[in-house]
Structures are given as C-alpha cells and as structure tokens.
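Examination of the molecular architecture
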Amino acid sequence: MARLCQAILLFIVLVAQVGTTAIAAELNIYSARHYDTDLSLYEDFTQQTGIEVNLIEGGSDGLIERILAEGELSPADLLVTVDAGRLWRASEVGIFQPVSSEILTSRIPGNLRHPENLWFGLSKRARVIVYRDGEGFEVPGRYEDLANAAYQGRVCMRSSSNIYNLSLMAAMIDALGEDAAIEWARGVVNNFARPPQGNDTAQLRAVASGECGITVANTYYIGRLMSSDKPTDKETVAALKVVFPNQAGRGAHVNISGAGVVRHAPNRDEAVRFLEYLTGGKAQRVFAEGNNEYPIVGDPSGPIAELGNFAEDKVNAVVYGERQAQAVRAFDIAGWR
Ligand code: FE
C-alpha cells in the first residue's frame, strides 16, 4: 500500500514538473559575447517577459560546431557572436533560419543585417587608423594610404587570419577590385615595422611605445583603454590619435555584433522577441556599452562618443563573408601572414 502511495505521489510530482516545464517559457542563448552587461540584459528581459534565459558561452567557431553536432535536437534558439564574417560562416553551414519581423527590419539598417534576415546586427564598431601623436609624417586619411612608401617601417598589423582583417580586406576587394586590393596589401606588407603579431590592443600599445607609427584597430579597443583607470592604459591612449578613414569617399569600415535565430530553435518566438527587445533604446545602450560599441539605434555613449561622428561604409556586411575566401587568397598572395 505504501509502495502504491509512493508511486502515485511520484506520478503526481512528475506530471506537475512536466506541466511547469511546458508552461514556463524559456530561451536558450549560445553566446560568444562574454560581458556582464549582457547578463543584466538577460535578467531585464526575463523580468519584462517572464521568459527564462539559459546561457551557454563559448568561442564562436566552437558554438557553431556544437549546434551542428546537436542537429535537429539542438536546444539552441539564438546564436550571438561578433563580426559579420563569423555570422556569415554560421549562415553558410545552414544553422540560421530567416526571421520576418517588422520591428527588426525597421530598426536595423539594411546593410547591417543579412539580405534574407538570417542574422541581424545589434551593435557596431569601426576599424579605424590609429597613429602616434607627433610622428611628423603626413596623417593617412584612407586605408589605401597605409600602402604609401612614406610609411616604410612604420606600420604594425594584426595577422591576416584574424576575422577583423579578413572582413576589412573583403571590403577593400569590394571597393577596389581584387588586383588593386592585393597591390594594396603588398604595399602595407612592405611598410611593416615587424611581422604581424598580437591583438588590436597589442598594436595600440606598440604604436604608443613608438615601436610602430601607425596601425588599424577596432574602436572598442580604444574605448577600453579610454575607460581604464590603469596609468599605463592612460599613457597609451594619450599617445594615440584616431582617424576615421575614407571620410571623403566610401566611409570607414564598420562591422557588427549580431545574432541569428537557429534553424531548429525550440523557442523560436521567444528568440525573435529577445532580438526585438535588444533593438529597443535602453537595451541598445546597454548592449553597445558592454563592449564600448556604437548602438545600431540611437547615439553612442561612453568614451567612444568622444571620438566624434563619422561617415560609414554602407556596403552590406554580408559582403565580408561572401568575399572571405578571396580575402584569404589576397593576403596570401601579398605575403601578409
Ligand atoms: Fe575583438
């Protein structure tokens, strides 16, 4: 009898649990962005909507592999990552589904989302020229100028396998044509002060220290140094000048942090709702500020706002992916390691 009672009780508990899981709305986010401010957005979203957020963090390529391995049974609803080149890789292996949302398409400019709405830009960064204050050379105003022989032995660059440089090169190929872009890369390589090494911050430090005179870096790396309290970071930033390139022409190269709804998302509607939430004014500010980026909607805040306004290259970010293979080849031919 006791056994039967136990069994009945267990059954009731199980039914109750299944009941609650079925009712409680949830959202599974796979994110390659690791910022505390993103966590505060998840909490705020849950408070506003009652939708529980489960977070899995990892590197972008690792998360893509995982979603592929999980296949149709993947719990992933949304993949959040940085750089359109990476979003494009994810769309190429078929892990996104198109989303039709009036809110998303009206708020996010056409060039910062996939043409079939497989992914959406949620914040943006510019890849800018940075030089050492007081170098005494003519300030380069365009990416093209970095190939100018006047800067021989003065240019430091990150490696060509880095996604930011691949996306920049893809944009150069799109603007100049493949041959001219290769020629440009050859000129830049000829100007190298040292073989490519380190991340964007390492380039900024090398310019500040005088090891190099010029580099390119994403704006959020500059924003990080600007907001740092460390004396060494303050010294670094004080030695640097920022140029938004190609202001008289096509504009500065801009890339995004973004996200797409996963093809087999078990919670598709919740995922779309979260994307829409992220394009709202308050969420935009928090999402962008979390990594010193520019919001997609509204004005910049935080230290990068001090860098001022600039004209952006309006080429669709999907081009960075479509021309990625060409970019790899161009760097290879030019000897940019
Ligand atoms: Fe970065």
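Bear in mind the structure is a predicted one, so any value in this text is a computation, not a measurement.

Turning our eyes to something else, we now look at empty space enclosed by the protein. Overall, the coordinates contain 1 cavity of 30 Å³ or more when judged by the stated rule. The calculated volume of the largest cavity comes to roughly 30 Å³. Lining the largest cavity are Asp38, Leu41, Tyr42, Val80, Leu278 and Phe287. Taken together, the residues of the lining of the largest cavity break down into 5 nonpolar, no polar and 1 charged.

Time to look at the domain arrangement of the protein. Considered domain by domain, the protein is made up of domain 1 (20–124 + 256–299) and domain 2 (125–253 + 318–334). One C-alpha centre belongs to domain 1, the other to domain 2, and the line joining them spans 29 Å. Domain 1 puts 18 residues into the contact, and the matching count from domain 2 is 17 residues. The largest share of the area that domain 1 buries against domain 2 comes from Asp83, Trp88 and Asn292, three residues that together contribute 36% of it. Along the contact surface separating domain 1 from domain 2 lie 1 salt bridge. A salt bridge links Glu293 to Arg125; the shortest N-O distance between them is 2.5 Å. Seen at the junction of domain 1 and domain 2, the total is 5 residue pairs in polar contact (both at pLDDT 80 or more). Looking at the side of domain 1 that touches domain 2, the elements that each hand over two or more residues are helix H4 (84–92) and strand S7 (253–261).

Conventions used here
- Residues numbered from 1 in each chain as written.
- Predicted model: local features only at pLDDT ≥ 70, side-chain atom pairs only at ≥ 80, totals over all residues.
- Heavy atoms only, no water.
- 1 Å grid on protein atoms, 1.4 Å probe; cavity = no way out; pocket = protein on both sides within 12 Å on 5 of 7 lines; lining within 4 Å.
- Points joined across faces, edges and corners; volume = space filled by probe spheres on them.
- Nonpolar A, V, L, I, M, F, W, Y, C, P; charged D, E, K, R; others polar.
- Domains from an automatic or database assignment.
- Contact = heavy atoms within 4.5 Å.
- Buried area = accessible area lost by both parts, 1.4 Å probe.
- Salt bridge = Lys/Arg side-chain N within 4 Å of Asp/Glu carboxyl O.
- Polar contact = N/O pair within 3.5 Å; in protein donor to acceptor, adjacent residues only side chain to side chain.
- Helix = DSSP H or I, 4+ residues; strand = E, 2+ residues; numbered from the N terminus.

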